[in-house]
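Structural description and commentary
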Amino acid sequence: MNLAQADISIKNRDEIGELARHFTQMKHNLQDLLERVSFHSQQVAASSEELTASSELTHQTAEHVSQLIQGIAAGAEQQVNDAENATQIAVSISQVMQQVSTSMEHAISSSVEANKQQRKVMKWLPNQSNK
């Protein structure tokens, strides 16, 4: 059946005329169906193109987010390393301060002892000059 041909024009009121009218109606229905299928096919193609573009954009966004997360993870790892280094430095400073404190305690103790010895000598010296 060629849908581009002109309608069949039969004026008879008998079965052949009725068949021709139904045949013409079927031809119009088929043309309408083909037009709707064509229209919807174009819509599906356009939607497919939009989905492809959207998918590409989503992929690019996911790549960008992945890179950002990797950067954040690297930064967090660096912060952990820096915190560990700072802790080690604080421990070292604490150890040095403890050594300084111990040395100061020895120095104070030695100074107190030297002061006691000096007082003894100062008490002893006047007694020696009187003899």
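Throughout what follows, the structure given in this document is the object of discussion. All values reported here derive from a predicted model rather than from experimental measurement.

This paragraph deals with the overall build of the chain. Across its full length, the chain carries 1 helix and 0 strands. Taking the principal axes of the C-alpha coordinates as reference, the chain spans close to 170 × 20 × 15 Å. Sorting the 131 residues of the chain into buried and exposed places 4% on the buried side. Just so you have it, the chain exposes about 11,500 Å², and 58% of that area is on carbon and sulfur atoms.

To continue, consider the pattern of salt bridges. Applying the stated criterion across every chain yields a total of 1 salt bridge. A salt bridge links aspartate 32 to arginine 36; the nearest nitrogen and oxygen atoms lie 3.2 Å apart. In this pair, aspartate 32 and arginine 36 are both assigned in helix H1 (residues 15-129), 4 residues apart and thus about one turn of the helix distant. Here arginine 36 falls in the partly exposed class, since its relative accessible area comes to 44%.

We now examine a nonpolar patch on the surface. A contiguous nonpolar patch, built from Phe23, Met26, Leu30, Leu33 and Val37 and spanning about 390 Å² of accessible area, is present on the exposed surface. Topologically, valine 37 is positioned in helix H1.

Here we take up the environment of arginine 13. Mapped onto the secondary structure, arginine 13 falls in the segment before H1. As a C-alpha pair, arginine 13 and serine 92 span 79 residues in sequence and 114 Å in three-dimensional space.

Calculation rules
Residues numbered from 1 in each chain as written. Predicted model: local features only at pLDDT ≥ 70, side-chain atom pairs only at ≥ 80, totals over all residues. Heavy atoms only, no water. Helix = DSSP H or I, 4+ residues; strand = E, 2+ residues; numbered from the N terminus. Buried < 20%, exposed > 50% of the residue type's maximum accessible area, 1.4 Å probe, protein only. Areas by Shrake-Rupley, 256 points an atom, 1.4 Å probe, with all protein chains shown as cover. Salt bridge = Lys/Arg side-chain N within 4 Å of Asp/Glu carboxyl O. Patch = residues over 30% accessible without salt bridge, like charges linked within 9 Å, V, L, I, M, F, W, Y side chains within 5 Å.

From the geometry alone we can't say anything about function, so treat these as descriptive.
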